[in-house]
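A look at the structure
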Amino acid sequence: DNKACMDERQKSACIMLEEMIKKWATSYARAVELAAGAEQSRELRFVALFSKPSKEEPIAWPIVRVNFTVPDDFETALQPRVTYRLEDE
């Protein structure tokens, strides 16, 4: 389980992020996990992995990594917001 090492705040932020991503990435397989170092720092930084499987290639390659940061006020904000950065940007 990718949430096993998250604290409660990180789990809540991860669930919110997964719900947000699910709305606009419907045709992609995706997984969200903590960014490197976020487990120790307790920051709300995540990496989402996206791929587009097909019948010919059920385990699709390449994979796109998108780095997300969720602001500390995500639970009280009227409109949840995140910042993101595509890999290598």
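Here, the structure is the one placed above.
So, here is what we can say about the structure in this document.

About the cut-offs
- Residues numbered from 1 in each chain as written.
- Predicted model: local features only at pLDDT ≥ 70, side-chain atom pairs only at ≥ 80, totals over all residues.
- Heavy atoms only, no water.
- Patch = residues over 30% accessible without salt bridge, like charges linked within 9 Å, V, L, I, M, F, W, Y side chains within 5 Å.
- Areas by Shrake-Rupley, 256 points an atom, 1.4 Å probe, with all protein chains shown as cover.
- Salt bridge = Lys/Arg side-chain N within 4 Å of Asp/Glu carboxyl O.
- Helix = DSSP H or I, 4+ residues; strand = E, 2+ residues; numbered from the N terminus.
- Buried < 20%, exposed > 50% of the residue type's maximum accessible area, 1.4 Å probe, protein only.
- Pairing = 2+ DSSP bridges.
- Core = buried A, V, L, I, M, F, W, Y, C linked by side-chain atoms within 4.5 Å.
- Axes fitted to C-alpha atoms, helices over the stretch in contact; angles between N-to-C directions.

**What about a nonpolar patch on the surface?**
On the surface, a nonpolar cluster with roughly 290 Å² of combined accessible area is contributed by Val64, Tyr84 and Leu86. Mapped onto the fold, Val64 is located in strand S3 (residues 64–69). Judged by relative accessible area, which is 37%, Val64 ranks as partly exposed.

**Regarding the pairing of S3**
Relative to S3, strand S2 (residues 45–51) runs antiparallel, the two being bridged by six bridges. Looking at S3, one finds that Val47 is bridged to Asn67.

**Examining unusual backbone geometry**
Despite not being glycine, Arg42 shows a phi value in the positive range, around 65°. Relative to the assigned elements, Arg42 resides in the loop between helix H2 (38–41) and S2. With a relative accessible area of 37%, Arg42 lands in the partly exposed category.

**Brief notes about the nonpolar core**
Leu17, Ile21, Val32, Phe46, Phe68 and Val70 are the most contacted members of the largest nonpolar core, which totals 19 residues. Of all the secondary structure elements, the ones that give two or more residues to this core are helix H1 (8–24), strand S1 (29–34), S2 and S3. With five residues, the top contributor of residues to this core is H1.

**Focus on the sheet that holds S2**
Strand order across the open sheet formed by four strands is S1-S2-S3-S4, with antiparallel pairing between neighbours. Since the sheet does not close on itself, it has two edges, and those belong to S1 and strand S4 (83–86), each with one partner. Neighbour to neighbour, the strand axes of the sheet diverge by 25° on average, direction disregarded.

Keep in mind these values describe shape, not function.
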